[in-house]
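# Reading the structure
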Amino acid sequence: MATTVARLLGRTKNIDKRSKKYLGEALYYKLFKDGSDEVSVRHQLNQFLKSRKRVYKWEVGDTIRKLRDRKRFYPALKLSDAMSRRGMNMTVSDQAIHLDLIAKTHGVGAAENYFIDLPETSKNHLCYGALLNCYCKELMVEKAEALMEKMKELGLSLTSMSYNSLMTLYTKIGQPEKVSAVIQDMKTSDIMPDSFTYNVWMRALATTNDISAVERVLDEMKTDGRVAADWTTYSNLASIYTGAGLFEKAETALKELEKRNTARSLSAYQFLITLYGQTGNLVEVYRIWRSLRLAFAKTPNISFLNMIQVLVKLKDLPGAEKCFKEWESGCSTYDIRVANALIGAYVKDGLLDKAKKLKEQAQWRGAAANAKTWEIFLECYLRNGDIKSAVDCIENAIYIGRGDGRKWIPDAADVTSIMGHFEQQKDVDGAEGFIDLLKKADDNVAVELFESLIRTYAAAGKTSPSIRRRLKMENVEVNDACKEMLDMICSE
């Protein structure tokens, strides 16, 4: 298998025949041996780094790319750091990727510091472009615009990528009218657009509900002729049409998408299923699913997940159950995300016993409930007024945390609902215990929670001399009504 990968990548070095100083399998397969979840990947990465085994540089680059594709940014950064410390030469392209990984794991400030410390020879359009993309991702408009101007002043070889980042930023912040100016700038500067440029441009126009303008952009793309419309063009167009409720036009675009999926892209199949689902065309959803299954005998978990989610949205629960059983019977790794899709459907339809049974079944197969699982049950228990079970769900989710290592923090509306229950029931102990639980997720307790706690004490007629001191320690300023209650609650 490793030899095949090397051949497909155009490499002449044979992984199977390298010396014992090297890792005995492709690095990517090593890291994903126990599955693609963050914990498993980190564990395998740590094992590899401790082994001190060598790998080829192209192999590291390929693995980092695949880790980024799967949003495993922390392991990707750790691998990049480790290889750099071991003396593996980093090209400017590697440094640009490293900068992006730093931003995704440690924030834009850390990425800026890394950029500043780079040698001047590395500060070309790649690293500047990576930093610009970071600013755009974080919606830092002023910094993004200033950096773009600096790149122009330095005479860097700008490509469509930087302009695409800026246009995406304007669309996200609700200023799509600025996109046309960026397009004009590209034309004036003779910057070659790419398919993504046209896609962003069309999406920006779609936010203004100007479908005719969207279609004119597609016509311009065809007339220009330098960039061929690919399957992503028609996926984008179909999405715009479905958003506008133009389902007949959407299905015409989807037929064009299908024609252009000559390489049998998994993503293209999944977009077809999702978009046909949005048009409500269940027949086409199943037709594309059969095509996907024929194209990919070993169908990835993510494809089953996508199909089940679409069937659930189309209220085809029997179909979703059949698809789930098909996946379950042949999966090599039991993915809790796939189970969650069906658990969520059961809960939504009031089939709580079925949902619980599936959660237990997943655990028996080695896929313990994650934070998302507990979120699903949490919403169910809140709807049913079962506050004790809802609090238990929050406790479990906080304990597990998110898959990427971050803390899980409950939705503010759910927290308010639960505190409101304790306040109504005059349950001081319940309210205090709940706040202690929330502090395990976030040390900064919102002022509204303290105000609710004060009202709960007042309603229960209980006192707590320490509350004023707690408010001072937390640097919390409650409203005037609660300040009046404190005089009574804090009395000895």
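All figures in this text were calculated on a predicted structure; none of them were measured in a lab.

So, about the overall build of the chain. Each helix and strand in the chain was counted, giving 28 helices and zero strands. Principal-axis analysis of the C-alpha atoms gives the chain an extent of 80 × 60 × 55 Å. Separation between the mean location of the 73 positive side-chain charges and that of the 65 negative ones in the chain comes to 9 Å.

What follows deals with the side chain of S303. Its place among the elements puts S303 in helix α18 (residues 301-313). Side chain to side chain, S303 and Q270 meet in a polar contact 2.6 Å long. Leave out the neighbours within four places in its chain, and S303 touches L266, Q270, W289 and L292.

For helix α14 (residues 231-243), built from 13 residues, the straight-helix expectation of 18 Å at 1.5 Å per residue is met to within 8% by its first-to-last C-alpha distance of 18 Å. With 10 of 13 residues buried, α14 lies mostly within the body of the structure. Where α14 terminates, the next one or two residues include G245, which has phi positive at roughly 80 degrees.

Attention shifts here to the pattern of salt bridges. Where charged atoms of side chains with opposite charge meet at close range, the side chains can pair. As enumerated under the stated definition, the model contains 32 salt bridges in all. E321 is paired through a salt bridge with K354; the nearest N and O atoms lie 3.0 Å apart. Of this pair, E321 sits in helix α19 (residues 317-330) while K354 sits in helix α21 (residues 352-364), placing them 33 residues apart in sequence. With a closest N to O distance of 2.6 Å, R468 and D487 form a salt bridge. Of this pair, R468 sits in helix α27 (residues 467-473) while D487 sits in helix α28 (residues 480-489), and the two are 19 residues apart along the sequence. Looking at D487, the relative accessible area reads 52%, which means it is exposed. Look at the salt bridges and you will find they share partners, linking D62, R65, K66 and D69 into a network.

In this section: the confidence of the model for the chain. Detail in the predicted coordinates should be disregarded across regions flagged by low pLDDT. On average, residues of the chain carry a pLDDT of 92, and 96% of them reach 70 or more. The model gives residues 1-12 a pLDDT under 50, and that stretch makes 13 contacts with residues more than four places away or in other chains.

With that out of the way, let us pick up the environment of R365. Locating R365 in the fold gives a position in the loop between α21 and α22 (371-384). Distance from R365 to R54, taken between C-alpha atoms, is 35 Å for residues 311 residues apart in sequence. Not counting residues within four places of it along the chain, the set of residues in contact with R365 comprises E328, C331 and Y334.

Further remarks concern helix α6 (residues 92-106). If you check α6, its first and last C-alpha atoms are 20 Å apart, about what 15 residues at 1.5 Å a residue would give, namely 21 Å. All of the buried residues along α6 are Q95, A96, H98, L99, D100, L101, I102 and A103. In this structure, the buried residues of α6 make contact with α4 (57-69), α5 (73-85), α7 (108-117) and α8 (125-137).

With that out of the way, let us pick up the nonpolar core. As a rule of thumb, nonpolar side chains are buried together in soluble globular proteins. Ranked by internal contacts, the top residues of the largest apolar core, which has 156 residues, are F48, L79, F324, Y334, I418, M419 and F434. The element best represented in this core is helix α20 (residues 336-348), accounting for nine residues. With residues up to four places along the chain from it excluded, the contact list for M419 reads A431, F434, I435, L449, S452 and L453.

In contact at an axis separation of 12 Å, α22 and helix α24 (residues 412-424) are set at 35 degrees when each is read in the N-to-C sense. Crossing of α22 over α24 shows left-handed handedness. Of α24, the residues touching α22 (which contributes L378, E379 and L382) are D414, S417 and I418. Across the contact of α22 with α24, the residue classes break down as three nonpolar, one polar and two charged.

Now for the state of the cysteines. Evaluation of the coordinates by the stated rule reveals zero disulfides. Here C127 is not disulfide-linked; the sulfur of C134 is the nearest cysteine sulfur, at 11 Å. The thiol of C331 is unpaired, and the distance to the nearest cysteine sulfur, on C323, comes to 12 Å.

Thresholds, definitions, all that
Residues numbered from 1 in each chain as written. Predicted model: local features only at pLDDT ≥ 70, side-chain atom pairs only at ≥ 80, totals over all residues. Heavy atoms only, no water. Helix = DSSP H or I, 4+ residues; strand = E, 2+ residues; numbered from the N terminus. Lys, Arg positive; Asp, Glu negative; His and termini not counted. Charge placed at Lys NZ, Arg CZ, Asp CG, Glu CD. Polar contact = N/O pair within 3.5 Å; in protein donor to acceptor, adjacent residues only side chain to side chain. Contact = heavy atoms within 4.5 Å. Expected span 1.5 Å × (residues − 1). Buried < 20%, exposed > 50% of the residue type's maximum accessible area, 1.4 Å probe, protein only. Salt bridge = Lys/Arg side-chain N within 4 Å of Asp/Glu carboxyl O. pLDDT = per-residue confidence, 0-100. Core = buried A, V, L, I, M, F, W, Y, C linked by side-chain atoms within 4.5 Å. Axes fitted to C-alpha atoms, helices over the stretch in contact; angles between N-to-C directions. Left-handed = near helix turned anticlockwise from the far one by under 90°. Nonpolar A, V, L, I, M, F, W, Y, C, P; charged D, E, K, R; others polar. Disulfide = S-S within 2.5 Å.

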